[in-house]
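Report on the structure
Next come the chains, spelled out residue by residue.
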Amino acid sequence: MSANAAVRVRFAPSPTGQLHVGNARTALFNWLFARQTGGTMVLRIEDTDVERSEARFEDQLIADLKWLGLDWDEGPDIGGPYTPYRQSDRLDLYREHAQRLLDEGKAYLCFCTEAELQKEREQALSEQRQAIYSGKCRMIDPGEASRRQAAREAAAIRLRIPEHPIRFHDIVRGPVEFSNEVVSDPIILRSNGMPVYNYVVVIDDALMKITHVIRGDDHLSNTPKQVALYEALGWPVPEFAHLSTILGADRERLSKRHGATSIANFRDMGVLPEALMNYLALLGWAPSGGTREIFSREELIKEFSLERLTPSPAVFDMEKLYWLNRHYIKQRPVADLYQQALSFFVRAGLLSPPGESGQGASVMLPAGFREWFLKVLELRLPAVDRLDQLPERASLIFNYDANAALADPDNAEVLNWPHTDAVISRFTFKILENESARAGQLTPEEFRAIVNHVKAETGTKGKELFHPMRLMITGSHSGPDFDKLIPILEEGSRLQLPRHVLSVFERVQAFAKARTK
RNA sequence: GGCGCUAUCGUCUAGGGGUUAGGACGGAAGAUUCUCAAUCUUCAAACCCGGGUUCGAUUCCCGGUAGCGCUACCA
């Protein structure tokens, strides 16, 4: 590992929107490699596209990366030895090196207008040729070129692509070669003085001493231009690792129309960061042996290797992410999830009417609430893929509508069973006369005694016995164990909650009333 | 159009000149439970096509096809 002692990698996003899972996965692989090798992780902001870049996106990017559990050793927020880490602050550097290339004859001034270039391109395309720059300004005498420039003629700076094939090594794909006839002389500095991405990325990576460029494979075709640039500048070419694309279920490149794709989306859905990290790591990478799927951060750092990256594109599978999320939800102590879970209930208006006490800000909740709510979570957490499903899955606690239960076609069968009426009336009678139940203090033991009583009196058992009672208590013939549910209902009814939780007694009473109507 | 990359169950993948082609998600069936969820067990499910190399190709090579990417004074 000593050969890797000086590993320096970077994640270089554009602040033009939300952090997307594809980019997050690139960031993750860079980070894993850095952490594993004891190398350095650099965060650099690529904001040379002035029109689309926004400062607020940069803040969000940083927040999203941190949420995922990533960190970095150098970056715009913390500085470092190769400052600045924002491209818009490095313009002088880009101009300086462009001038050097010009002086050394490795680049030249191009006076072609956009209209001319456009025409050239169309011509090439119509002849079914590769649309590359003709190189017509290559031959302009440097003296003449500087005269024209001095005369304020608009000029861009182009790199001279060498007359030999460009080869480089990609860790994921092996040796890659491009014929020089296929790569045009790229513009490195626009006529307005602004540098172009393919150029700045090289300047920055080289100046920041990046040793391994790990990025999406949409950059693979740009790499020959960049390699030519390194060579023209006389700088060492880094190792490349081009990551496969992440696709949607329709095998098209993953985008907004595939639903949740940004890190913020997943966070807001109640996907846990460790689940997302684990899932992302498995997209395009597999451990040696290939049978292990669950990895903690530390295990990923230990097991990860660039050599085991897969070159083929991967379809993002939400179901598998949910499987991991379910796994990590069960791993976490419920108390860990308390705050976040609570916010979903508040948002759903279950613990405070929405709009009244704000967006989940300071909800006044009674003493004893926390203990009770943890029981609710304990009960319903195993039933969710993501935390935002919690309120809906817990609605049997917060919502009760006897009329709806009686009208629900799903319940028709149970309601029509021959013994249902007997069970309902015996059960209603026993609950309504029970002192504990009246006080909202019914215990699971007392409840079981009542159940046994009804069982004996009606001669029913199993479904015939339980489904009608379940219906009366929850409005549905299926649901969680009574032993766990009864205490939650009873305790909930005694808490002064913004929305009253009905006790067993209140439910049975409401059901009986609705039924006699 | 040109160039590049890719191709194992529906999906993520392991494997690799001779294997019952392994695992996981999802699916189906069963066990358990009053039911749901959870859990456990079992099952179905794949080497894109065509040539070559070879005693033998899913594996190596070539071609085709398909998907994706790049082809900008975008990043």
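Details of the structure are given in the entry above.
Structural notes, computed from the coordinates. Everything numeric here is computed off the predicted structure, so don't read it as measured data. (Residues numbered from 1 in each chain as written. Chains lettered and ligands numbered in written order. Predicted model: local features only at pLDDT ≥ 70, side-chain atom pairs only at ≥ 80, totals over all residues. Heavy atoms only, no water.)

Looking at RNA strand B, there are 63 residues lining it, with S14, R173, R190, R326 and G479 nearest. The protein-proximal atoms of RNA strand B, defined as those within 4 Å of the protein, are 71% sugar or phosphate. The separation between a phosphate oxygen of RNA strand B and a polar side-chain atom of T310 is 3.4 Å. Residue assignment for the surface near RNA strand B shows that the elements contributing at least two residues are α4 (114-126), β11 (314-315), α11 (318-331) and α21 (462-474). (Near = heavy atom within 4 Å. Polar contact = N/O pair within 3.5 Å; in protein donor to acceptor, adjacent residues only side chain to side chain. Helix = DSSP H or I, 4+ residues; strand = E, 2+ residues; numbered from the N terminus.)

To continue, consider the packing of aromatic side chains. Enumeration over the complete set of coordinates arrives at 17 aromatic pairs. When the ring of F345 is compared with that of F373, the centres are 5.0 Å apart and the planes differ by 85 degrees; the resulting orientation is edge-to-face. Of the two residues, F345 sits in helix α12 (residues 334-347) while F373 sits in helix α13 (residues 369-380), which places them 28 residues apart along the sequence. Residues F466 and F482 carry aromatic rings whose centres are separated by 6.2 Å and whose planes lie at 20 degrees to one another, so their mutual orientation is stacked. Taken together, the positions of F466 in helix α21 and F482 in helix α22 (residues 482-494) put the pair 16 residues apart, joining distant regions of the chain. Judged by its relative accessible area of 6%, F482 is buried. Clustering of aromatic rings is evident, with ring pairs tying together Y338, F345, F369, W372, F373 and F398. If you follow R470 out to its NZ or CZ, it ends over the ring of F482, 4.3 Å from the centre. (Phe/Tyr/Trp six-rings, centres within 6.5 Å; stacked < 30°, edge-to-face > 60°. Buried < 20%, exposed > 50% of the residue type's maximum accessible area, 1.4 Å probe, protein only. Lys NZ or Arg CZ within 6 Å of the ring centre and 35° of its normal.)

With that settled, the discussion passes to the pairing of strand β4 (residues 156-159). Burial along β4 is two-sided: the residues A156 and R158 and I157 and L159 are all buried. Inspection of the sheet shows strand β3 (residues 107-110) paired to β4 by four bridges, in the antiparallel sense. What sits directly across from A107, in β4, is L159. (Pairing = 2+ DSSP bridges.)

The subject of this paragraph is the pattern of salt bridges. For the structure shown, the criterion picks out 37 salt bridges. In this structure, D64 engages R267 in a salt bridge whose closest nitrogen and oxygen atoms are separated by 2.8 Å. Of this pair, D64 sits in helix α2 (residues 55-68) while R267 sits in helix α8 (residues 263-269), and the two are 203 residues apart along the sequence. Classification of R267 by relative accessible area gives partly exposed; the value is 26%. The closest approach of N and O atoms between D385 and R326, which form a salt bridge, is 2.7 Å. Separated by 59 residues along the polypeptide, D385 in the loop between α13 and α14 (390-393) and R326 in helix α11 bring together distant segments of the chain. Judged by its relative accessible area of 25%, R326 is partly exposed. (Salt bridge = Lys/Arg side-chain N within 4 Å of Asp/Glu carboxyl O.)

If you check helix α3 (residues 91-103), its first and last C-alpha atoms are 18 Å apart, about what 13 residues at 1.5 Å a residue would give, namely 18 Å. Next to the buried residues of α3 lie β3, β4, β7 (187-189), α6 (197-207) and α7 (223-233). Following α3 by one or two positions, G105 has its phi on the positive side, about 75 degrees. (Expected span 1.5 Å × (residues − 1). Contact = heavy atoms within 4.5 Å.)

Quick look at the nonpolar core now. Membership of the largest hydrophobic core comes to 115 residues, with the highest contact counts inside it found for F316, W372, F373, I397 and F427. At nine residues, helix α1 (residues 21-37) tops the list of elements feeding residues into this core. With residues near it in sequence (within four places) discarded, F316 still touches V21, I246, L247, L254, F266, Y279, L280, L283 and L321. In terms of nonpolar packing, the next biggest core, distinct from the first, is built from 47 residues, Y108, L117, V183 and V200 among them. (Core = buried A, V, L, I, M, F, W, Y, C linked by side-chain atoms within 4.5 Å.)

All quantities given are derived from atomic positions and should not be read as evidence of function.
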